[in-house]
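Structure assessment
What follows is the residue order along each chain.
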Amino acid sequence: MDITALSTSCCQAQTLNQVGVAMLSKSLDSMETMGNSMVNMMKSSMELSVNPAVGGNIDLYV
């Protein structure tokens, strides 16, 4: 077993793992930002509504 090849392989695996975690973190941050933007958009549209009681409920049929 070649020690240098093993060391290189472990280092590459660790780097790929760190890149994957960083990408997942950025993706989660992006999704959170988009969700907050959507909530703010819905709140502002409800405030501008002529009749605020209309559209307050959503009927779901399964």
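I will try to describe carefully the structure that is included in this document. (Residues numbered from 1 in each chain as written. Predicted model: local features only at pLDDT ≥ 70, side-chain atom pairs only at ≥ 80, totals over all residues. Heavy atoms only, no water.)

Quick word on the overall build of the protein
- Within the protein, the regular secondary structure consists of one helix and zero strands.
- Counting all 62 residues of the protein, 0% fall into the buried class.
- Surface summary for the protein: the accessible area is close to 6000 Å², and the carbon and sulfur share equals 65%. (Helix = DSSP H or I, 4+ residues; strand = E, 2+ residues; numbered from the N terminus. Buried < 20%, exposed > 50% of the residue type's maximum accessible area, 1.4 Å probe, protein only. Areas by Shrake-Rupley, 256 points an atom, 1.4 Å probe, with all protein chains shown as cover.)

As for the state of the cysteines
- Counted by the stated rule, this structure contains zero disulfides.
- Unpaired in terms of disulfides, Cys10 finds its nearest cysteine sulfur in Cys11, a separation of 8.7 Å. (Disulfide = S-S within 2.5 Å.)

Observations concerning a nonpolar patch on the surface
- A grouping of Met38, Met41 and Met42 is seen on the molecular surface, where their side chains present a nonpolar patch of about 340 Å² in accessible area.
- One can find Met42 in helix α1 (residues 3–47).
- Residue Met42 is classed as partly exposed on the basis of its relative accessible area, which comes to 48%. (Patch = residues over 30% accessible without salt bridge, like charges linked within 9 Å, V, L, I, M, F, W, Y side chains within 5 Å. Salt bridge = Lys/Arg side-chain N within 4 Å of Asp/Glu carboxyl O.)

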